[in-house]
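Reading the structure
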Amino acid sequence: MTTPNALLVIIRHAPHNSNWLREGLDAALVAAAFGQPVHLLFMGQGILALLKEQGSGAAGQKATLPTIDMLEMYDIEKLWVTEEALQGMHLTTDSLVEGVTLLAEQQVPGLLQQHSNILNF
Amino acid sequence: MMQYGLLVMGAPYSSPAPHSALRFAHAVLARGHQLAGVFFYHDGVHNASSLMAPPQDELNMRDAWAELHQQHAVPLDVCIAAALRRGLMDESEAQRHGKQAFNLSPPFELTGLGQLLELQQRADRLITFA
């Protein structure tokens, strides 16, 4: 499913340890607001951003889960998660927010090839 | 000939990313390609600080980017949201936020993320340095 002009945003960092997740999601939201089709791929520790029962992090740190919940409003509906990342952390999709799509790591190169625009966070 | 865009997300002196990006920029131009722009995001916004004062035997990254702009007219765009939360701002933002100083001035320009997306569309290749 190649969508011309679509942007793939890759998230590889967990919430709260850095600003990578927040600023990666910001880029995804801005692209969507400009009408660009946006897809998200969560790899490695990035899948922790999708934990549905996560808290707000250390005191004074803003939670990122509300931003994840907002993605659908921006028509960002494709949330890919690699199976290997889930298994590596002994998690199942039951722990994650609704609407994620699993894919095997070996499918990632194909996914990258379908997108002419990629941003990596 | 190709059009390149650069996305810089590492801070100078903390990360080798901006140093690599600068060398890449000069290499691209030396080979006759075009550089459509450099976008600074995440910790990369620190590259724009006019208050950086490294020892004299170290490269001043801010001045090195400014020189790239002077020689080749490469736009140097800085994400305004990432900059403000890290204490990088130009004179008008400093006034707006009631700050006593500012540390960002031309050729660096504060702009939105839309500029990054536009650069990505315009360039044949967007290369990330993080």
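Residues numbered from 1 in each chain as written. Chains lettered and ligands numbered in written order. Predicted model: local features only at pLDDT ≥ 70, side-chain atom pairs only at ≥ 80, totals over all residues. Heavy atoms only, no water.

**A closer look at the interface of chain B and chain A**
As a reminder of what qualifies: By definition, residues are in contact when any of their heavy atoms lie within 4.5 Å. Using a 1.4 Å probe, buried area is obtained as the accessible area two parts lose upon being combined, added over both of them. Should a side-chain nitrogen of Lys or Arg be within 4 Å of a carboxyl oxygen of Asp or Glu, the pair is scored as a salt bridge. Put simply, DSSP marks the helices as runs of H or I at least four residues long and the strands as runs of E at least two long, and each gets a number from the N terminus on. Throughout, the ten residues Ala, Val, Leu, Ile, Met, Phe, Trp, Tyr, Cys and Pro are labelled nonpolar, Asp, Glu, Lys and Arg are labelled charged, and all others, Gly among them, are labelled polar.
The partner chain A presents 18 residues to the 15 residues of chain B that form the contact. Both sides together, the interface formed by chain B and chain A hides about 1300 Å², and carbon and sulfur atoms give 58% of it. Ranking the residues of chain B by area buried against chain A places His42(B), Leu117(B) and Gln120(B) at the top, with a combined share of 37%. The interface formed by chain B and chain A includes 2 salt bridges. Examining the composition of the side of chain B that touches chain A, we find that 6 residues originate from one element, helix H5 (residues 113–122) of chain B, more than from any other. A per-class count over the side of chain B that touches chain A returns 9 nonpolar, 4 polar and 2 charged.

**Side note on the packing of helix H1 (residues 20–33) of chain A against H5(B)**
This is how the line gets drawn: Interaxial angles span 0 to 180 degrees and are taken between N-to-C directions of axes, which are lines fitted to C-alpha atoms, for helices over the stretch in contact. For this classification, under 35 degrees means roughly parallel, over 145 means roughly antiparallel, 65 to 115 means roughly perpendicular, and everything else is oblique.
For the pair H1(A) and H5(B), interaxial distance at closest approach is 9 Å and the crossing angle is 75 degrees. Between H1(A) and H5(B), the angle is such that the two are roughly perpendicular. Of H5(B), the residues touching H1(A) (which contributes Asp26(A), Ala27(A), Val30(A) and Ala31(A)) are Leu113(B), Gly114(B) and Leu117(B). A breakdown of the residues in the contact of H1(A) with H5(B) according to their chemical character gives 5 nonpolar, 1 polar and 1 charged.

**Some details on the side chain of Arg22(A)**
For Arg22(A), the location among the structural elements is in helix H1. Setting aside residues up to four positions removed in sequence, Arg22(A) forms contacts with Lys62(A), Ala63(A), Thr64(A) and Arg85(B).

**Remarks on H5(B)**
Every α-helix carries 3.6 residues per turn, so stepping three or four residues along brings you back to the same face. Going by this rule: Burial status follows relative accessibility: with a 1.4 Å probe on protein chains alone, a residue under 20% of its type maximum counts as buried, one over 50% as exposed, and anything between as partly exposed. Regarding the arc, it is the one traced by the directions from the helix axis to the C-beta atoms.
Listed in full, the buried residues belonging to H5(B) are Leu113(B), Leu116(B), Leu117(B), Leu119(B) and Gln120(B). Around the axis of H5(B), the buried residues are gathered within 160 degrees of arc, so they sit on the same side.

**Examining the sheet that holds strand E4 (residues 100–103) of chain A**
Residue and element names in this part refer to chain A. Quick reminder of the rule: Only strands that DSSP links by at least two bridges are regarded as paired with each other.
Strands sit in the order E4-E3-E2-E1-E5 across an open sheet of 5 strands; the sheet is parallel. Of all strands in the sheet, those bounded by a partner on one side alone are E4 and strand E5 (117–120). In this sheet, neighbouring strand axes are inclined to one another by 25 degrees on average, regardless of whether the strands run parallel or antiparallel. Here 5 bridges tie strand E1 (residues 7–11) to strand E2 (residues 38–42), and the two strands are oriented parallel to one another. Note on E2: the bridge partner recorded for Ile10 is Leu41.

**Looking at the pattern of salt bridges**
Residue and element names in this part refer to chain B. Going through the model one piece at a time under the given rule, you end up with 6 salt bridges over all chains. A salt bridge links Arg86 to Asp43, with the shortest nitrogen-to-oxygen separation between them at 2.9 Å. Here Arg86, found in the loop between helix H3 (80–85) and helix H4 (91–96), pairs with Asp43, found in the loop between strand E2 (34–40) and helix H2 (61–72); they are 43 residues apart in sequence, far enough to count as distant. By relative accessible area, Arg86 is classed as buried at 18%. Linking Glu118 and Arg122 is a salt bridge whose minimum nitrogen-to-oxygen distance equals 2.9 Å. Of this pair, Glu118 and Arg122 both sit in helix H5, 4 residues apart, which is roughly one turn of that helix.

**Comments concerning the packing of aromatic side chains**
As a reminder of what qualifies: Only Phe, Tyr and Trp rings take part, Trp by its six-membered ring, and two of them pair if their centres are within 6.5 Å. Stacked means planes under 30 degrees apart, edge-to-face means over 60, and tilted covers everything else.
This model, assessed by the stated rule, comprises 7 aromatic pairs over all chains. With a centroid separation of 5.7 Å and 55 degrees between ring planes, the pair formed by Phe40(B) and Phe108(B) is classed as tilted. On the criterion of sequence distance, the pair formed by Phe40(B) in strand E2 and Phe108(B) in strand E4 (residues 108–111) is long-range, its members being 68 residues apart. Ring pairing ties together the aromatic residues Trp20(A), Phe121(A), Phe39(B) and Tyr41(B), which thus form one cluster.

**Side note on the nonpolar core**
Stated formally: Nonpolar core, defined: a set of buried Ala, Val, Leu, Ile, Met, Phe, Trp, Tyr and Cys residues in which side-chain atoms within 4.5 Å join the residues together.
With 71 residues, the main nonpolar core has Phe42(A), Val38(B) and Trp65(B) as its most contacted residues. Of all the elements, H1(A) adds the most residues to this core, at 8 residues. If we skip the residues at most four places from it in the chain, Phe42(A) touches Ile11(A), Ile47(A), Ala49(A), Leu50(A), Ile68(A), Leu79(A), Trp80(A), Val81(A) and Thr82(A).

What is shown is where atoms sit, not what they do.
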